[in-house]
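Below are the chains, spelled out letter by letter.
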Amino acid sequence: MTIRRREAKSGTRWDVEWLLPDGTKRSKTFKTLRAAKLFDGEVRAAREDGETVDPRGGKTELHVVYRSWLASRPDLSPKVRRGYEDNWRLRIEPKFGNWPIGRIERENVQEWVNEMTAAGLGPRTVRWTHSVLRMTLDHAIADKKLRGKNAASTVRFPPMGETSHVYLSAAEVAKLAELCDAAAGEDSRVARQGDVVALLVYTGLRFGELAGINVEDVDLQARRIRVRRSITQLSGRLIEGPRKSRAGRRSVPIPERLVPILERRIGGRAAGEPAITSPKGGRLGIENWKRAVGWRLIIAELGRPTMRVHDLRHTYASLARSAGADMKLLQVTMGHASILVTAHTYADLYDSDLDRVADALDGL
């Protein structure tokens, strides 16, 4: 390896030259001798570790690296993969798609994050979009196409803000189920779907998990539902995907009030058939169900116009806590990978425990 000084119109330049294992000569130019020496040291260290440094790797355009990274992720669920693809198509490709990866610097990424925030994109969406760029550049570094620190790794984001949950009372749950049933009207071709509300609220299942239950997964004698799969609705198609974590594979207790509903749902059906079907008798999809019950209209009538279907799962946590369930029990029944997830999500439900601590200290 050699470092050569040369004079250019724009000033003194320092060229670092070295050979690749196949004998091909490579060079890279620096404005200062110090920068040239630092790079020379990196190349020597990489050679000792058996690695190859090719400065042309930084000239690879980001869209090429992105396709390579996405192809290397067979572990992604269809829903997550679709989300990554949408983030790339809508916000990353228009900004950086044709940029050589070696040209992307931290200042460029920070400016892009600031632009998304100024455009009104939510903090969570900004972080999720940014994660696709960060993972793509990590892939370039791992493949030796890029050396140095990931330009997307030290970016600052807008604060997340408070996450509020909607918790229904038992009376509101009953009212919501009635409104869902009333949506069927006199049309006998549309099955009543209010029992889906009760099933979600009193089991804590995610909607996709409820849709994935087969008749064989429901054990009414033991009063347990075995959660083995999850169904995602993408572009109108129902796709079976993995659970969110290993903890998602679990058994959920069946309250006595749900036994008649499940008996009616699975009675006379084959083991491999879906336990909870759509109004037309097929596997249940969340968007189809929301259309069948007129979700936006009924939550407005209930006085909860911003409520999501997922808030029925939050309601389970609230009602279970009111019934005396501790945090560890909630973690298990809800399928959280860690009790830290449960604590972070439902810390507000355990606020009253602080009063008991204060009372205990007063009693000393």
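Structure's up top.
Bear in mind the structure is a predicted one, so any value in this text is a computation, not a measurement. (Residues numbered from 1 in each chain as written. Predicted model: local features only at pLDDT ≥ 70, side-chain atom pairs only at ≥ 80, totals over all residues. Heavy atoms only, no water.)

Caption draft 1: Here's a closer look at the overall build of the protein chain. If you tally the helices and strands in the protein chain, you get 15 helices and eight strands. Considering the protein chain as a whole, with its 364 residues, one finds that 41% of them fall into the buried category. Long-range pairs, those at least 24 residues apart, make up 60% of the contacts in the protein chain between residues at least 6 apart in sequence. For the protein chain, the computed accessible surface area is about 20300 Å², with 51% contributed by carbon and sulfur atoms. (Helix = DSSP H or I, 4+ residues; strand = E, 2+ residues; numbered from the N terminus. Buried < 20%, exposed > 50% of the residue type's maximum accessible area, 1.4 Å probe, protein only. Contact = heavy atoms within 4.5 Å. Areas by Shrake-Rupley, 256 points an atom, 1.4 Å probe, with all protein chains shown as cover.)

Caption draft 2: Examining the packing of aromatic side chains more closely. Across all of its chains, the model carries nine aromatic pairs by this definition. Relative to Trp-69, the ring of Tyr-66 has its centre 6.0 Å away and its plane inclined at 40 degrees; by these criteria the two rings are tilted. Separated by three residues within a single helix, Tyr-66 and Trp-69 lie in helix 2 (residues 62-71), roughly one turn from each other. Comparing Tyr-66 with Trp-69 shows no difference in burial state: the two are buried. On the basis of an interplanar angle of 45 degrees and a centroid distance of 5.6 Å, the ring pair of Trp-69 and Tyr-84 is categorised as tilted. Here the residue Trp-69 occupies a position in helix 2, and Tyr-84 occupies one in helix 3 (residues 78-96), the gap between them amounting to 15 residues. Note on Tyr-84: relative accessible area 10%, which makes it buried. What links up through ring pairs into an aromatic cluster is the set Tyr-66, Trp-69, Tyr-84, Trp-88 and Trp-128. The ring of Trp-99 has Arg-103 sitting right over it, with the charged end atom 4.6 Å from the ring centre. (Phe/Tyr/Trp six-rings, centres within 6.5 Å; stacked < 30°, edge-to-face > 60°. Lys NZ or Arg CZ within 6 Å of the ring centre and 35° of its normal.)

Caption draft 3: Representation of helix 6 (residues 170-182) within the structure. Under the 1.5 Å per step criterion, the end-to-end length of helix 6 is 19 Å for 13 residues, consistent within 8% with the ideal 18 Å. Of the surrounding elements, those touching the buried residues of helix 6 are helix 7 (194-203), helix 10 (286-293), helix 11 (295-302) and helix 12 (311-322). (Expected span 1.5 Å × (residues − 1).)

Caption draft 4: Representation of the sheet that holds strand 2 (residues 11-19) in the model. Reading across from one edge, 1-2-3 is the order of the three strands in this open sheet, with antiparallel pairing throughout. Both edges of this open sheet fall to strand 1 (2-8) and strand 3 (25-30), since each of them pairs with a single strand only. The mean inter-strand angle of the sheet, taken between neighbouring strand axes irrespective of direction, is 30 degrees. Where strand 2 lies against strand 3, six bridges are found, and the strand directions are antiparallel. What sits directly across from Glu-17, in strand 3, is Ser-27. (Pairing = 2+ DSSP bridges. Axes fitted to C-alpha atoms, helices over the stretch in contact; angles between N-to-C directions.)

Caption draft 5: Expanded view of the nonpolar core. Core analysis: the biggest nonpolar cluster contains 43 residues, and Leu-176, Val-197, Trp-289, Trp-295 and Leu-312 have the highest contact counts within it. Contributions of two or more residues to this core are made by helix 6, helix 7, helix 8 (207-211), strand 5 (224-227), helix 9 (259-266), helix 10 and helix 11. Broken down by element, the residue count for this core peaks at seven residues, all from helix 7. When neighbours within four sequence positions are excluded, Leu-312 is seen to be in contact with Leu-168, Leu-176, Val-197, Leu-200, Val-201 and Met-307. (Core = buried A, V, L, I, M, F, W, Y, C linked by side-chain atoms within 4.5 Å.)

Caption draft 6: Main features of the pattern of salt bridges. Scanning the entire structure with this criterion turns up 19 salt bridges. In this structure, Arg-5 and Glu-7 form a salt bridge, with 3.2 Å as the shortest nitrogen-oxygen distance. Owing to a relative accessible area of 54%, Glu-7 belongs among the exposed residues under this scheme. For Arg-308, the salt bridge identified is with Asp-311, shortest N-O distance 3.6 Å. Relative accessible area serves as the criterion here: at 2%, Asp-311 is assigned to the buried category. Within this structure, Arg-82, Asp-86 and Arg-89 form a network of salt bridges that share partners. (Salt bridge = Lys/Arg side-chain N within 4 Å of Asp/Glu carboxyl O.)

Caption draft 7: The pairing of strand 5, seen in detail. On strand 5, burial follows the alternation: Ile-225 and Val-227 on one face are buried, whereas Arg-224 and Arg-226 on the facing-out side are not. One ladder, built from two bridges, connects strand 4 (residues 218-219) with strand 5; its direction is antiparallel. Residue pairing for strand 5: Val-218 is matched across the bridge by Ile-225. Between strand 4 and the antiparallel strand that follows it, strand 5, lie four residues; Arg-223 among them carries a positive phi value of about 55 degrees. As defined by bridge partners, strand 5 adjoins strand 8 (residues 250-253) across four bridges and the pair is classed as antiparallel.

Caption draft 8: Up close: unusual backbone geometry. With a phi close to 65 degrees, Lys-144 is a non-glycine residue in the positive phi region. Topologically, Lys-144 is positioned in the loop between helix 5 (123-142) and helix 6. In this structure, Arg-223 is a non-glycine residue whose phi angle is positive, near 55 degrees. Tracing the backbone shows Arg-223 in the loop between strand 4 and strand 5.

Caption draft 9: Representation of the environment of Ser-27 within the structure. Residue position: Ser-27 is located in strand 3. On a C-alpha basis, the gap between Ser-27 and Glu-17 in space is 4.3 Å, while along the polypeptide they are ten residues apart.

Caption draft 10: Inspection of the packing of helix 4 (residues 106-118) against helix 5 at higher detail. In contact at an axis separation of 10 Å, helix 4 and helix 5 are set at 150 degrees when each is read in the N-to-C sense. Taken together, the axes of helix 4 and helix 5 lie roughly antiparallel to each other. Here helix 4 and helix 5 pass one another in a crossing that is right-handed. Taken together, the residues of helix 5 that come into contact with helix 4 (itself represented by Val-109, Trp-112, Val-113, Met-116 and Thr-117) are Val-126, Thr-129, His-130 and Leu-133. Here the contact of helix 4 with helix 5 is composed, by residue class, of six nonpolar, three polar and no charged. (Parallel < 35°, antiparallel > 145°, perpendicular 65-115°, else oblique. Left-handed = near helix turned anticlockwise from the far one by under 90°. Nonpolar A, V, L, I, M, F, W, Y, C, P; charged D, E, K, R; others polar.)

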